[in-house]
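# Architecture at a glance
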Amino acid sequence: MSIPYSLQPLETYFTRANELSGPHPYVAHHLRLFAVELAMKMKGPDANQFLLTQMDILEKEKGTVEPPLYQPPLCPDPNWKPPPPPPPPEAPPVAAAGAADASDGRNGSTADGTGASDTKPEEAAASASSSKGMFSFLSKQPPNPSLDAAKEGAANLSIAGDPKPPPSTEAPKPPMITPHKVAATPQQALRTLALDLYERGRQADKPDTFPSPSTSWGVSEAPKIARCLHASAVILDALKHFEPTLPAELERYQTAAHRRSVQLGGQINSAFKLKEGEPISLKWRPADMAAATPLPLPPPLFPSVPRS
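Residues numbered from 1 in each chain as written. Predicted model: local features only at pLDDT ≥ 70, side-chain atom pairs only at ≥ 80, totals over all residues. Heavy atoms only, no water.

Heads up, the rule is: UniProt positions are given in the numbering used here, feature names are shortened, and annotations may be inferred rather than shown by experiment.
The name an unreviewed UniProt entry gives the protein chain is Vps20-associated 1-like protein b, with Chrysochromulina tobinii as the organism. Its UniProt record, at the heading Subcellular location (unreviewed entry), says of the protein chain: "Endomembrane system".

### Some points on the environment of Thr192
Note the following rule: What counts as a helix is a DSSP run of H or I of at least four residues, what counts as a strand is a run of E of at least two, and both are numbered from the N terminus. Distance and chemistry together define a polar contact, namely a pair of N or O atoms within 3.5 Å, with one atom able to donate a hydrogen and the other to accept it when in protein, and with adjacent residues in sequence counting only for side-chain atoms on both sides.
By the element assignment, Thr192 lies in helix α7 (residues 186–204). C-alpha of Thr192 to C-alpha of Ser232: the two residues are 40 residues apart in sequence and 9.9 Å apart in space. At 2.7 Å, the side chain of Thr192 and the backbone oxygen of Gln188 are in polar contact.

### Looking at helix α8 (residues 216–237)
Quick note on the threshold: The span expected for a helix works out to 1.5 Å for each residue beyond the first. A residue's bend is simply the angle between two axes: one fitted to the seven residues ending at it, one to the seven starting at it. Accessible area is worked out with a 1.4 Å probe on protein chains only. A residue is then buried under 20% of its type maximum, exposed over 50%, and partly exposed in between.
Helix length check: α8, at 22 residues, gives a terminal C-alpha distance of 32 Å against a target of 32 Å (1.5 Å per residue), a fit within 8%. In the structure, α8 departs most strongly from a straight axis at Ala222, where the bend amounts to approximately 35° and where the proline Pro223 lies between one and four residues downstream. Counting buried positions along α8 gives 16 out of 22 residues, so the element sits mostly inside the fold.

### As for α7
Rules: Each direction from the helix axis to a C-beta atom contributes to the arc, which is the arc of those directions. Contact definition: two residues touch when any of their heavy atoms are within 4.5 Å.
With 19 residues, α7 ought to run about 27 Å at 1.5 Å a step, and its terminal C-alpha atoms sit 27 Å apart, in line with that. Inspection of α7 places Pro186, Ala189, Leu190, Leu193, Ala194, Leu197, Tyr198 and Gly201 among the buried residues, and these make up the whole buried set. The arc that holds the buried residues of α7, viewed along the axis, is 155°, so those residues lie on one side. Looking at the buried residues of α7, the elements they touch are α1 (11–20), α2 (25–42), α8 and α9 (248–272).

### Topic: the packing of aromatic side chains
Where we set the bar: The criterion for an aromatic pair is that two Phe, Tyr or Trp rings (for Trp, the six-membered ring) have centres within 6.5 Å, with stacked assigned to planes under 30 degrees apart, edge-to-face to planes over 60 apart and tilted to the rest. Our definition puts a charge over a ring when NZ of Lys or CZ of Arg is within 6 Å of the ring centre and also within 35 degrees of the ring normal.
This model, assessed by the stated rule, comprises four aromatic pairs. Aromatic pair Tyr13 and Phe34: ring centres 5.6 Å apart, planes at 75°, arrangement edge-to-face. A residue pair is termed long-range when its members are at least 10 positions apart, and Tyr13 in helix α1 and Phe34 in helix α2 qualify at 21 residues. On the basis of relative accessible area, Phe34 is assigned to the buried category, the value being 0%. Note on Tyr13 and Trp284: the rings are 5.9 Å apart at their centroids and 75° apart in plane angle, and the pair reads as edge-to-face. One end of the pair, Tyr13, is in helix α1; the other, Trp284, is in the segment after α9, with 271 residues separating them in the sequence. Note on Tyr13: relative accessible area 0%, which makes it buried. On the basis of relative accessibility, which here comes to 2%, the residue Trp284 falls in the buried class. Aromatic rings pair up to connect Tyr13, Phe34 and Trp284 into one cluster. In this structure, Arg252 is placed above the aromatic ring of Tyr253, and the distance from its NZ or CZ to the ring centre is 5.1 Å.

### Observations concerning the nonpolar core
Let me state the cut-off plainly: Only buried Ala, Val, Leu, Ile, Met, Phe, Trp, Tyr and Cys residues count toward a nonpolar core, and they belong to the same one when joined by side-chain atoms within 4.5 Å. Where each domain starts and ends follows an automatic or database-derived domain assignment.
One finds Leu7, Leu10, Tyr13, Leu38 and Ile235 to be the most contacted residues of the largest nonpolar core, which totals 52 residues. Looking at this core, the elements that each hand over two or more residues are α1, α2, α3 (48–62), α7, α8 and α9. Viewed by domain, this core spans two of them, domain 1 (5–63) and domain 2 (186–289), each represented by three or more residues. If near-sequence neighbours (up to four positions away) are discounted, Ile235 is found in contact with Leu20, Val27, Leu190, Leu193, Ala194 and Leu197.

### Description of the pattern of salt bridges
Quick note on the threshold: Note on definitions: salt bridges are taken to be side-chain nitrogens of Lys or Arg within 4 Å of carboxyl oxygens of Asp or Glu.
In total, this model carries five salt bridges according to the counting rule given. A salt bridge links Glu19 to Arg16, with the nearest nitrogen and oxygen atoms 2.7 Å apart. In this pair, Glu19 and Arg16 are both assigned in helix α1, three residues apart and thus about one turn of the helix distant. For Arg16, a relative accessible area of 5% corresponds to the buried category. Between Asp237 and Lys240 there is a salt bridge, with the nearest N and O atoms lying 2.7 Å from each other. A relative accessible area of 0% places Asp237 in the buried class. For Lys240, a relative accessible area of 9% corresponds to the buried category.

So, in structure tokens, the structure goes:
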């Protein structure tokens, strides 16, 4: 059934809904529902029969179309439990009271266990004199502050031992898991398909290439890209059925998809001498839900002649 003249600005919505009814019936259903909502606001005098037909289609689809599965983003594991806190550090062992005295006794003892030295006084004096003469040159060296500081630092380092990193005060975090797929809401289904079409069209596009009839890209690929980006913008517009304005991020994607689809569609239309609506409608604009009529009304088909 052809769309009535008063609803011509909505033709793109119904056309896209018919195209998507096979591969994406759930999205097509909500796109058609949004188009009917817009038609109700436009109040075309010749649209009654057409709207009744569209409502019958929606009623039949209501009990048959099923939402696609939606993959939620990563989330923390709900079954994760934090590990128990580490035990407190053990206190250092206390030295025995008589350990120092015993050590002193051992250091002062000799082979015979009496503590007396077997070395004669004359031999000890000779040995001391020899050692003094051997290392007497060290006492003649001038003091070296750098060397002394290095020795002091090494001594302190050997006493303090290797520095240990401070214990982490950050609380352990649960691992992230991929949740199970769930039935998509209408908003999720519309958004997911629209962004998927946008990304496909963007990756296949060649903005610096003119769609010439002499190239295979211009003949086969360019029209598909134009329709893909155009469908993305139209599907995103159906989200206004739930909120009157798109989020800023989605509005940016819709603007980019619509602008490029119109540019590429106009080039194809000019190069291949096509009529309006092939491969896309160059007249379609996103709906303004804040306006009295979301889309501009077509001019009167038969304007009346003013009476003189």
